[in-house]
Amino acid sequence: MVQAYILIQTEVGKASTVAETISKIPGVIQAEDVTGPYDVIVRAQSDTVDDLGRMVVAKVQQVDGITRTLTCPVVHL
């Protein structure tokens, strides 16, 4: 199982809508709108890194109002 944080920048005024929409995507554990350089932070999981990448590109990045994403896989050192 691979988990990651996805940091998302949105168009002005779209953070709440984006977080709500993303929270319904299978594999998303949590999606919250926040303040700071990013507008939404998502915690997601998938079986493999490839599956995670496909989820981000095919589902998360297709949500209306998103301008940029940064995916940060969780590592256990």
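Everything below is about the structure printed above this text.
Residues numbered from 1 in each chain as written. Predicted model: local features only at pLDDT ≥ 70, side-chain atom pairs only at ≥ 80, totals over all residues. Heavy atoms only, no water.

Caption draft 1: Focus on the side chain of Thr 69. Within the secondary structure, Thr 69 is located in strand β4 (residues 66-73). Of note is the side chain of Thr 69, whose polar atom sits 2.8 Å from the side chain of Gln 61. With near-sequence residues (within four places) excluded, Thr 69 lies in contact with Ile 6, Leu 7, Ile 8, Val 56 and Gln 61. (Helix = DSSP H or I, 4+ residues; strand = E, 2+ residues; numbered from the N terminus. Polar contact = N/O pair within 3.5 Å; in protein donor to acceptor, adjacent residues only side chain to side chain. Contact = heavy atoms within 4.5 Å.)

Caption draft 2: Layout of helix α2 (residues 49-60). Considered for burial, the residues of α2 that qualify are Leu 52, Met 55, Val 56 and Val 60. Seen along its axis, α2 keeps its buried residues to an arc of 95°; they face one direction. Every exposed residue of α2 that faces more than 90 degrees away from the buried side is listed here: Asp 50, Arg 54 and Ala 58. Structurally, α2 contributes buried residues whose contacts are with β1 (2-10), α1 (15-22), β3 (40-46) and β4. (Buried < 20%, exposed > 50% of the residue type's maximum accessible area, 1.4 Å probe, protein only. Arc of directions from axis to C-beta.)

Caption draft 3: The pattern of salt bridges, seen in detail. Scanning the entire structure with this criterion turns up 3 salt bridges. With its nearest N and O atoms 3.6 Å apart, the salt bridge here joins Asp 64 to Lys 14. One end of the pair, Asp 64, is in the loop between α2 and β4; the other, Lys 14, is in the loop between β1 and α1, and 50 residues separate them in sequence. For Asp 64, a relative accessible area of 60% corresponds to the exposed category. Residue classification places Lys 14 among the partly exposed positions, given a relative accessible area of 27%. Close ionic contact of Arg 54 with Asp 51 constitutes a salt bridge, the shortest N to O distance being 2.7 Å. (Salt bridge = Lys/Arg side-chain N within 4 Å of Asp/Glu carboxyl O.)

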